[in-house]
Amino acid sequence: MIPMVDLNVQYRQLQHEIDGGIRDVLEKCQFILGPNVAAFEAESAEYLGVPHAIAVASGTDALHLALAAAGIGPGDEVITSPFTFIATAEAIRYVGATPVFVDIDPATFNIDPEQIEAAITPATRVVLPVHLFGQPADMAAIHDICNRHSLLLVEDCAQSFGAATHGNRMTGSLGSYGCYSFFPSKNLGCYGDGGMVTAATADSADRVRVLRNHGSRQRYHHHVIGFNSRLDEIQAVILRAKLKHIDQYNSNRRRVAHRYNELLAGLDLVVPHEDGKGRHVYHQYTVLTPHRERIMQKLGEQGIASAIYYPIPLHRQEVFAESCRDCSLPVAEKVAEHCLSLPIFPEMSEEQVSTVATVVRESFA
Ligand SMILES: Cc1ncc(COP(=O)(O)O)c(C=O)c1O
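Predicted model, so just to flag it, every value in this text is computed and none were measured.

S.K.: How would you sum up the pairing of strand E6 (residues 177–181)? Please name residues and give values.
M.R.: Strand residues, when the strand is regular, have side chains that alternate between the two faces of the sheet. With 5 of its 5 residues buried, E6 lies for the most part within the structure. Residues Tyr177, Cys179 and Ser181 point to one face of E6 and Gly178 and Tyr180 to the other, with burial holding for every one of them. Taken together, the 3 bridges between strand E5 (residues 152–156) and E6 define a ladder with parallel strand orientation. In the sheet register, valine 154 faces E6, and the bridge partner there is tyrosine 177. Pairing of E6 with strand E7 (residues 195–199) involves 5 bridges; the strand directions are antiparallel. Note that in E7 the partner of serine 181 across the bridge is glycine 195.

S.K.: Describe the pairing of E7, listing the residues and the values that go with them.
M.R.: Of all 5 residues in E7, 5 are buried; the element is thus mostly enclosed. Residues Gly195, Val197 and Ala199 line one face of E7 and the alternating positions Met196 and Thr198 line the opposite face, and both faces are buried. When strand E1 (residues 52–56) meets E7, the two strands line up antiparallel, connected through 5 bridges. In the strand pairing of E7, valine 56 is matched with glycine 195.

S.K.: Can you lay out the nonpolar core for me, pointing to particular residues and giving the numbers?
M.R.: Grouped together as the largest cluster of nonpolar side chains are 105 residues, with contacts concentrated most on Ala66, Leu67, Val154, Cys179 and Val197. Here this core gets 7 residues from one element, more than from any other, and that element is helix H3 (residues 59–69). Built from parts of two domains, this core gets at least three residues from each of domain 1 (8–243) and domain 2 (246–362). Beyond its immediate stretch of four places on either side in the chain, valine 154 contacts Ala66, Leu67, Ala70, Val126, Leu128, Gly175, Ser176, Tyr177 and Cys179.

Conventions adopted
- Residues numbered from 1 in each chain as written.
- Predicted model: local features only at pLDDT ≥ 70, side-chain atom pairs only at ≥ 80, totals over all residues.
- Buried ≥ 20, exposed ≤ 12 C-beta atoms within 10 Å, placed from the backbone.
- Helix = DSSP H or I, 4+ residues; strand = E, 2+ residues; numbered from the N terminus.
- Pairing = 2+ DSSP bridges.
- Core = buried A, V, L, I, M, F, W, Y, C linked by C-beta atoms within 7 Å.
- Domains from an automatic or database assignment.
- Contact = placed C-beta atoms within 7 Å.

In structure tokens form, the structure reads like this:
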């Protein structure tokens, strides 16, 4: 059996630290927004090279709170990728704004900067790139577009903790806000739901902090309508333990991906493309192939997991039918038809990688 991700190995490696930290939380009985959350915020801000990090309850909330803190609302348009998890666009709708989907680059699956400019209208307020599968979007080009058109840049970093863009800057450190998910299977994951917003200024960080805690700076004093979106201490203990090893985890993911590339060479499938502008951290290892049903079936017969991220691009989802009557985004549609993700996690052994690759090879025989 080879799963998409094996979370147990990391727990076993860090068990002493995690169990001890959780016991400490249980004994001290401070469960929400306590010292571990504060320390985790400071440690991740330092790691990411950002001035402010605010831990929240999920990656979806991180996107929602960032857009709300930026004052985005009805009548505003947010340009984003159609090839992502639904949460990216849900958050745009939560604040009453309109998602505007533009097509993706066929090699990186990230939003194509060349398509962004044509989609800008007087209502456009934000560009929201997703660093999909751990590969940074083309941030030099997107940053430049945002500067020239005075647009806010909000980054969806749910899949890219520790990925670097041009100039070795971390994803999430270029925009006004960076939005992270700590869903268990993410590159940095906790044991429940969790998320974080990074903010470029003290003012914007303060707005997110107020929004995550019922619109309040001081207990029982409420300035705006906010939300309950706080990270708990137990999750912060787990994230602090894992954050110390994130570079190792990410470089192991790169090792697995590069090994897959070697073992799958010469088949009728396209292995992931690194654009060379930053550091890809392989949240997913996703190939393109017209033969994915056959490959998935063979893998399944051998007890090997595989997955389709994502089978339907967002502009084709029923929920967005209204906002996208005539739009055709051929690259996203083709990628959705041919994409196939193989198991990848930092602790994957050489034997596991070669077993998966051998079964993929055999499915072409
Ligand atoms: C690209 C992307 N954006 C947003 C999210 C939402 O994160 P969460 O599940 O923590 O709410 C996820 C993950 O699920 C994601 O992959």
